[in-house]
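Spelled out from the first residue to the last, the chains are:
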Amino acid sequence: MNFARLKLRHLQCLVMVAQERNLVRAAKALALTQPAVSKTVAELEDIVGRQLLVRRRRGVELTPAAEVLVRHAVVALRGLRDGLSLALDQPEADQLRVAVGALPNIAANLLPAAVALLQSDTPALRVRVVSGTNAQLMTQLRQGEIDLVLGRIAQASAMADLAFELLYSEPLLLVARPGHPVAALRRPALDALSAYPLLVPVSGTLIRHTVDAFLLGHGMAPPRSLIEATDTSFALGLLRCSDAIWFAPQGAVEGFLAAGELVRLPIDTASTEGPVGMTMRRGSEPGEGARRLIEAIRAVLSQRADAQISRALA
């Protein structure tokens, strides 16, 4: 092996391909083209003198040599990032930091409240919020780029070396603009959705699998007009100017429902309920900044639970 030829980009590329098991998705996550990813992997195979990937019709598989290299690459990348973070923190040793990955259902509601509570008690805390798909955030968590991920639990295959703490469960909801034709129906059938554009999570995400399973389970094929997106701002903008219907996590839209900006369509989606919580690296204690954010999240949830009880007794 010629170590002089080995570059950081080779390891970063291999780790992302191992996470996604697909060259196109890995390229998208790395903001590269698919040919560039293929070329980087080929360079790495030439450096180590071993085949690392086996191409299949639906993606790629890692060879035994690649599995070993990925495990060590993840550790090396995490160690490098930890070292850089510590070095950058030296001039501001008194300032706490936390980097959190947040999926849309958390980023729109729970996390802002927790960060606001935390900042009121700890003004010398620097918070960095990272968005992305579940798979992308889990990769960054493993590599030490972020301290924890908030959102739905990832697929079992993506949870190696990670631990999940349940906070609550929530369903996906079907929502639209006020005055939408389906909202006026008393008991609309699921087939009523087929006449309108359907906004769903991007392909390959966990909640997209949930949406697809729900539609198939009710004997409905995806509508011909299908829009894939995870950005809440885009979704809101689309719904305001069209008759599109959004299959959204409850946490991402409940604030807009309460404000009257969106309406929930009267279609039962209880079967889409899934666990929401915090994912962290297994066997490692969170830093002080992450620990305080976790405390703030639990405090906000406790306050909301108390408020719900008070309203129920009123």
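Structure: see above.
Anyway, here's the lowdown on the structure attached to this text. Bear in mind that the values here come from a model prediction, so they are computed numbers and not experimental data.

Quick look at the nonpolar core now. With 23 residues, the main nonpolar core has Val17, Leu23, Val37, Val41, Leu53, Leu62 and Val70 as its most contacted residues. Listing elements by their share of this core, those giving two or more residues are helix H1 (8-20), helix H2 (23-30), helix H3 (34-48), strand E2 (59-62) and helix H4 (64-89). If you tally residues by element for this core, the top one is H1, at 7 residues. Contact partners of Val17, with chain neighbours within four places excluded, come to Asn22, Leu23, Ala26, Val37, Val41, Leu53 and Val60.

For the rest of this paragraph, the subject is the pattern of salt bridges. Going through the model one piece at a time under the given rule, you end up with 14 salt bridges. The salt bridge involving Arg5 is made with Asp46; its shortest N-O contact spans 2.9 Å. Taken together, the positions of Arg5 in the segment before H1 and Asp46 in helix H3 put the pair 41 residues apart, joining distant regions of the chain. One salt bridge in this structure joins Arg292 and Glu288, with 2.9 Å as the shortest N-O distance. You can see Arg292 and its partner Glu288 sitting in helix H11 (residues 288-313), 4 residues apart, about one turn around the helix. Judged by relative accessible area, which is 29%, Arg292 ranks as partly exposed. One connected set of salt bridges, linked through shared partners, spans Glu288, Arg291, Arg292 and Glu295.

What follows covers unusual backbone geometry. For Arg21, which is not glycine, the phi dihedral falls at a positive 55°. One can find Arg21 in the loop between H1 and H2. Judged by relative accessible area, which is 34%, Arg21 ranks as partly exposed. Positive phi is not limited to glycine here, since Asp161 has a value of about 70°. Among the structural elements, Asp161 can be located in the loop between strand E5 (148-152) and strand E6 (162-170). The class of Asp161 is exposed, set by a relative accessible area of 57%.

Looking now at the side chain of Thr122. For Thr122, the location among the structural elements is in the loop between helix H6 (110-121) and strand E4 (125-130). Judged by relative accessible area, which is 9%, Thr122 ranks as buried. At a separation of 3.4 Å, a polar atom in the side chain of Thr122 contacts the side chain of Arg292.

On to the side chain of His180, then. Looking at where His180 falls in the secondary structure, it is placed in the loop between strand E7 (172-176) and strand E8 (198-200). A relative accessible area of 1% means that His180 is categorised as buried. One polar contact links the side chain of His180 to the main-chain amide nitrogen of Val182, over a distance of 3.1 Å. In contact with His180, not counting residues within four places along its chain, are Tyr196, Asp243, Ala244 and Ile245.

With that settled, consider the pairing of E5. Counting buried residues along E5, 5 of its 5 residues qualify, which places the element largely inside the surrounding structure. Where strand E3 (residues 96-102) meets E5, 3 bridges bridge the pair, whose relative direction is parallel. The partner of Val100 across the bridge, within E5, is Leu148. Two elements, E5 and strand E12 (residues 274-281), share 4 bridges in a ladder whose sense is antiparallel. For Gly151, the partnering residue across the bridge sits in E12 and is Gly277.

What the 5 strands build is an open sheet, ordered E9-E8-E10-E7-E11; its pairing is mixed. Among the strands making up the open sheet, the edge pair consists of strand E9 (226-228) and strand E11 (263-264). Pairing of E8 with strand E10 (residues 245-249), which is carried by 2 bridges, proceeds in the parallel orientation. Residue pairing for E10: Leu198 is matched across the bridge by Ile245.

A few words now on H1. For an α-helix the count is 3.6 residues per turn, leaving residues at separations of three or four pointing the same way. Helix length check: H1 (13 residues) gives 19 Å between terminal C-alpha atoms against 18 Å at 1.5 Å per residue, within 8%. The buried fraction of H1 is high, at 10 of 13 residues. By the burial criterion, the buried members of H1 are His10, Leu11, Cys13, Leu14, Val15, Met16, Val17, Ala18, Gln19 and Glu20.

Turning our attention to the environment of Glu254. When you line up the elements, Glu254 lands in helix H10 (residues 250-258). For Glu254, a relative accessible area of 30% translates into the label partly exposed. A C-alpha to C-alpha distance of 15 Å links Glu254 and Tyr168, two positions 86 residues apart in sequence.

Cut-offs used in this document
Residues numbered from 1 in each chain as written. Predicted model: local features only at pLDDT ≥ 70, side-chain atom pairs only at ≥ 80, totals over all residues. Heavy atoms only, no water. Core = buried A, V, L, I, M, F, W, Y, C linked by side-chain atoms within 4.5 Å. Buried < 20%, exposed > 50% of the residue type's maximum accessible area, 1.4 Å probe, protein only. Helix = DSSP H or I, 4+ residues; strand = E, 2+ residues; numbered from the N terminus. Contact = heavy atoms within 4.5 Å. Salt bridge = Lys/Arg side-chain N within 4 Å of Asp/Glu carboxyl O. Polar contact = N/O pair within 3.5 Å; in protein donor to acceptor, adjacent residues only side chain to side chain. Pairing = 2+ DSSP bridges. Expected span 1.5 Å × (residues − 1).

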